[in-house]
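# A closer look at the structure
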Amino acid sequence: MHKPTLLLLHGALGSPSTLQPLAERLQEDFAIKTFAFAGHGGGEVRPGTFTLPHFGAEVLAFLREHETEPAHVFGYSMGGYAALLAACQEPARFASITTLGTKLDWSVESAATETRFLDPEKMLAKVPAFAEQLRQRHAPTDWAAVVRATAALMQAAGANPPLTATALAGIPVPVQVLVGDADHTAGSEVGAAMAAQLPKGSYEVLAATAHPLERVDLDMLSLKIREFALRTG
C-alpha cells in the first residue's frame, strides 16, 4: 500500500534524532522522511547557510529531489517557519503543513528575549546536562558554534522577519498551526493574528503544553498531525 510522505523538520538546536519518537508514532500511516538543516547534527556551521531563508530553500531542495507528488510536512518551531517560507515560494510541493511551537511574530524585542539564554558559557554554568546533550547531538561540530549561530539567526529574524502577514496570506496550502498554552516562545496574540492570515489555516492552542518538544504529549501530537494530513491529502 502506498503511504503518503510526511517530512519532519526539526527545530533550533535540534537534529533529526530529536524527531525519532514522533516518527515512530506516525510510521504506520506515512513514509517518514527527515534531514538536518545546515549546521545541525554535525554539519559545518557557516553564516551564509545558517539563516531562515536558507533553511526554507533546503526544504524546497529536498522536496524537489525526493518527491514527485505534494508532500505532507510537520515542522517543529524553526522547522515550521522554514516550511512556511518554502510554501511561499512553491506551494504546489505541499499537501499540508502542521507546525508546532513556531514563532511567527519576530521583532527586535522578541529576538532579544529569545537570545538572552543562548550563551554557551551561561548554558554550561546553568544547564550543563543540556549543554552535554547539544555536544553529543552536533558532534563533531562545536556545539557552542551552533548556539552562537542560532542566536545570530534569531537576531536577523527580529531585525527583518522573513515571513510577513502578507506572505502568509499568499500560501494556499492547508496549514495547521499548533501552539501550547504554556508556550511563552510562540504563543501570542500577534502570532495568532498572523496565523489567521493563512487562507486555509487553522489555529489551535494545546492544553498543558510547553515549548520544548520533549515535554509535549507525542500521542496527542501525532494524532493531530495524522488526522489533519489524511483529511486534507
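Quick summary incoming for the structure in this document.

What counts and what doesn't
- Residues numbered from 1 in each chain as written.
- Predicted model: local features only at pLDDT ≥ 70, side-chain atom pairs only at ≥ 80, totals over all residues.
- Heavy atoms only, no water.
- 1 Å grid on protein atoms, 1.4 Å probe; cavity = no way out; pocket = protein on both sides within 12 Å on 5 of 7 lines; lining within 4 Å.
- Points joined across faces, edges and corners; volume = space filled by probe spheres on them.
- Helix = DSSP H or I, 4+ residues; strand = E, 2+ residues; numbered from the N terminus.
- Nonpolar A, V, L, I, M, F, W, Y, C, P; charged D, E, K, R; others polar.
- Pairing = 2+ DSSP bridges.
- Axes fitted to C-alpha atoms, helices over the stretch in contact; angles between N-to-C directions.
- Salt bridge = Lys/Arg side-chain N within 4 Å of Asp/Glu carboxyl O.
- Buried < 20%, exposed > 50% of the residue type's maximum accessible area, 1.4 Å probe, protein only.
- Contact = heavy atoms within 4.5 Å.
- Polar contact = N/O pair within 3.5 Å; in protein donor to acceptor, adjacent residues only side chain to side chain.

The computed volume of the largest pocket comes to approximately 1,300 Å³. Lining of the largest pocket is provided by 42 residues; of these, L13, Y76, F130, H211 and P212 occupy positions nearest its centre. Within the residue set of the lining of the largest pocket, elements represented by two or more residues are α1 (20–26), α3 (78–89), α4 (108–115), α5 (120–126), α6 (128–138) and α7 (143–159). Looking at the lining of the largest pocket residue by residue, the classes come out as 21 nonpolar, 13 polar and 8 charged.

Another point: the sheet that holds strand β2 (residues 31–34). In spatial order, the strands read β2-β1-β3-β4-β5-β6; together these 6 strands make up an open sheet with parallel pairing. Pairing within the sheet leaves two strands with one partner each, and these edge strands are β2 and β6 (201–210). The mean inter-strand angle of the sheet, taken between neighbouring strand axes irrespective of direction, is 20°. In this sheet, strand β3 (residues 71–76) lies alongside strand β1 (residues 5–9) in parallel orientation, the contact comprising 4 bridges.

Enumeration over the complete set of coordinates arrives at 9 salt bridges. Where E90 meets R64, a salt bridge forms, and the shortest distance between an N and an O atom there is 2.3 Å. Here E90 is found in the loop between α3 and β4 (94–100), whereas its partner R64 is found in helix α2 (residues 52–66), with 26 residues between them in sequence. A salt bridge links K103 to D105, with the shortest nitrogen-to-oxygen separation between them at 3.4 Å. Per residue, the accessibility class of K103 equals that of D105, and both read buried.

In this section: the environment of K3. Tracing the chain through its elements places K3 in the segment before β1. Separated by 90 residues in sequence, K3 and R93 place their C-alpha atoms 17 Å apart. Among all residues touching K3, those that are not within four sequence positions of it are Q27, E28, D29, F30 and A31. At 2.9 Å, the side chain of K3 forms a polar contact with the backbone oxygen of Q27.

In this section: the side chain of S77. Note on placement: S77 falls in the loop between β3 and α3. When neighbours within four sequence positions are excluded, S77 is seen to be in contact with G11, L100, G101, T102 and H211.

Before going further, it helps to examine the pairing of β1. Most of β1 sits out of view: 5 of its 5 residues are buried. A two-sided burial pattern is seen for β1, the buried positions comprising T5, L7 and L9 on one face and L6 and L8 on the other. The pairing of β1 with β2 spans 4 bridges and is classified as parallel. By the bridge assignment for β2, L8 is matched with T34.

Read these as spatial facts, not as claims about activity.
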